[in-house]
Amino acid sequence: AAKAAGKNRITLFDHTLRAERLHHAEIAAGLRQALARDELTLNYQPVVDLTTGAIHAVEALLRWTPTDGRPVPPDVFIPVAEDTGLIVDIGRWALERACADAKRWHHRHGIAVTVNVSGRQLRERTFRDTVLEVLTRSQLPRNALTLEVTESMLLATTPDETQRITDVLADLRAHGVRIALDDFGTGYSSLSYLRTLPVDILKIDRSFTAPLTNTDHRQARAFTKAIVELAASLELRTVVEGVESREQAGVLQQMGCPLAQGYLFSPPATATQIDDLLQVTPWQQAA
Ligand code: C2E
Ligand code: MG
Ligand code: MG
Ligand code: MG
């Protein structure tokens, strides 16, 4: 009987695997047309200065709505875009779009734009030139662009490749572009990457945010506080992601955390909605 059950389980597993593979192929086929069909857009989520309540920057976040009208979440299509290499063209498009939109926001309000970059893009030999070229053509000042990278993008790379990527980031940084380490605290050997990667901004992953106001999680709070203080002493700015309540924002403010991002302030919004938000600076009084 146990043997039969085991067999069933394997069969079930196989089916799931096949379904996933089909799904993957379907997404890849759709994505291949997405740019040409104008199905990709960018949303922007404000990064808020916790002491003034003003918008400090906006993070560009990809959205994909295929012809059937049902949006596919980034957590589903970005990994496929990375596997297929489509992320190189899609990422370039996102960078161009973000810099074009950010130009007027920077000009009128002095805010920066942050763009997520995947490991696959960073490993492209042309990455550095692409970024500088897009910046020049968009006429966005270089220091108004932040690239968000993760420590996990270095996982599958050889030491030589890690060195090359580090050099590219350092080079871009020398040109004025800022570098942020995204999803900090979720990867491996976080602290060692902090020493080797040329970064300006640390984005603490949102899994640290919910426990901030939970009295059973005093340790979690101590951990976040330690990261914020370590970052400050390394002259890095800290952004805490996924702030959903006033209580969480209050705790972070008391810790001396300079910047936060989350549904409390705004979900990712369209460029037009950001235009409107920048007119009203809604969190001035909240701070
Ligand atoms: P990320 O870079 O860590 O972006 C933050 C994610 O958290 C976004 O999910 C955002 O909508 C979500 N978020 C923001 N505030 C809150 C909150 O208060 N509560 C909760 N529960 N979630 C919040 P989204 O837009 O679904 O993007 C998911 C991931 O997809 C991003 O994580 C990023 O890694 C990737 N991604 C998005 N756009 C791009 C892109 O243009 N290029 C690349 N390479 N990756 C991208
Ligand atoms: Mg990000
Ligand atoms: Mg990310
Ligand atoms: Mg993140």
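Just so it is clear, the model here is predicted, and its values are computed rather than measured. (Residues numbered from 1 in each chain as written. Chains lettered and ligands numbered in written order. Predicted model: local features only at pLDDT ≥ 70, side-chain atom pairs only at ≥ 80, totals over all residues. Heavy atoms only, no water.)

Here we look at the coordination of the magnesium ion (ligand 4)
Here is step 1 of the chain: Listed as protein donors to the magnesium ion (ligand 4) are Asp-182 (OD), Asp-183 (OD), Glu-241 (OE) and Glu-241 (OE); their distances from the metal cover 2.0 to 2.5 Å.
Here is step 2 of the chain: Sequence spacing of the donor residues for the magnesium ion (ligand 4), all on one chain, is D-D-x57-E.
Here is step 3 of the chain: In this structure the magnesium ion (ligand 2) is found 4.2 Å away from the magnesium ion (ligand 4), and Asp-182 serves as a bridging donor for the pair. With Asp-183 in strand E5 (residues 178-184) and Glu-241 in the loop between strand E7 (237-240) and helix H9 (246-255), this residue pair connects regions lying 58 residues apart in the sequence.
Here is step 4 of the chain: When its relative accessible area of 12% is taken as the criterion, Glu-241 is described as buried. (Donors = N, O, S within 2.8 Å, 3.2 Å for Na, K, Ca; no water. Helix = DSSP H or I, 4+ residues; strand = E, 2+ residues; numbered from the N terminus. Buried < 20%, exposed > 50% of the residue type's maximum accessible area, 1.4 Å probe, protein only.)

Details of H9
Here is step 1 of the chain: Among the residues making up H9, those that are buried are Gln-248, Ala-249, Val-251, Leu-252 and Met-255. When H9 is viewed along its axis, its buried side chains cluster within an angular range of 160° and face the same direction. Away from the buried face of H9 by more than 90 degrees, exposed residues Arg-246, Glu-247 and Gln-254 are located.
Here is step 2 of the chain: Count one or two residues on from H9 and you reach Gly-256, which has phi positive near 85°. (Arc of directions from axis to C-beta.)

Side note on the packing of helix H3 (residues 87-109) against helix H5 (residues 127-138)
Here is step 1 of the chain: Direction vectors running N to C along H3 and H5 enclose 30°, while the axes themselves pass 9 Å from each other. On the basis of the axis angle, H3 is roughly parallel to H5. The interaxial crossing formed by H3 with H5 has right-handed handedness. Packed against H3, whose contacting residues are Arg-92, Leu-95, Glu-96, Cys-99 and Lys-103, the element H5 presents Thr-130, Val-131, Glu-133, Val-134, Leu-135, Arg-137 and Ser-138 at the interface.
Here is step 2 of the chain: Tallied by class, residues from the contact of H3 with H5 come to 5 nonpolar, 2 polar and 5 charged. (Axes fitted to C-alpha atoms, helices over the stretch in contact; angles between N-to-C directions. Parallel < 35°, antiparallel > 145°, perpendicular 65-115°, else oblique. Left-handed = near helix turned anticlockwise from the far one by under 90°. Contact = heavy atoms within 4.5 Å. Nonpolar A, V, L, I, M, F, W, Y, C, P; charged D, E, K, R; others polar.)

Focus on the sheet that holds strand E2 (residues 55-64)
Here is step 1 of the chain: If you walk around this closed barrel you meet the 8 strands as E1-E2-E3-E4-E5-E6-E7-E8, and the pairing is mixed.
Here is step 2 of the chain: When E7 meets strand E8 (residues 259-260), the two strands line up parallel, connected through 2 bridges. Within E8, the position partnered with Val-240 by the bridge is Ala-260. (Pairing = 2+ DSSP bridges.)

Focus on the site of ligand 1
Here is step 1 of the chain: Residues in contact with ligand 1 amount to 22 residues; listed here are only the nearest, Arg-63, Asn-116, Asp-182, Glu-244 and Tyr-263.
Here is step 2 of the chain: Residue Asp-182 places a side-chain N or O atom 2.8 Å away from an oxygen atom belonging to ligand 1.
Here is step 3 of the chain: Contacts to ligand 1 include Tyr-263, whose backbone N or O atom sits 2.8 Å from an oxygen atom.
Here is step 4 of the chain: In isolation ligand 1 exposes 800 Å². Once the protein is present, 84% of that is buried.
Here is step 5 of the chain: Judged by the fraction of its atoms near the pocket grid, ligand 1 is located in the largest pocket.
Here is step 6 of the chain: Elements represented by at least two residues in the shell around ligand 1 include exactly E2, helix H2 (74-84) and E5. (Near = heavy atom within 4 Å. Polar contact = N/O pair within 3.5 Å; in protein donor to acceptor, adjacent residues only side chain to side chain. Areas by Shrake-Rupley, 256 points an atom, 1.4 Å probe, with all protein chains shown as cover. 1 Å grid on protein atoms, 1.4 Å probe; cavity = no way out; pocket = protein on both sides within 12 Å on 5 of 7 lines; lining within 4 Å. Sits in = over half its atoms within 2 Å of the grid points.)

A short note on the layout of surface pockets
Here is step 1 of the chain: Roughly 1,300 Å³ of internal volume is contained in the largest pocket.
Here is step 2 of the chain: Lining the largest pocket are 45 residues, and of these Leu-61, Asp-75, Asn-116, Asp-182 and Asp-183 sit closest to its centre.
Here is step 3 of the chain: Looking at the lining of the largest pocket, the elements with two or more residues in it are strand E1 (40-49), E2, H2, H3, strand E3 (112-116), helix H4 (119-123), strand E4 (145-150) and E5.
Here is step 4 of the chain: Tallied by class, the residues present in the lining of the largest pocket amount to 21 nonpolar, 11 polar and 13 charged. (Points joined across faces, edges and corners; volume = space filled by probe spheres on them.)

Points about the side chain of Thr-166
Here is step 1 of the chain: Looking at where Thr-166 falls in the secondary structure, it is placed in helix H6 (residues 159-174).
Here is step 2 of the chain: Separated by 2.6 Å, the side chain of Thr-166 and the backbone oxygen of Thr-162 make a polar contact.
Here is step 3 of the chain: Not counting residues within four places of it along the chain, the set of residues in contact with Thr-166 comprises Thr-196, Leu-197 and Pro-198.

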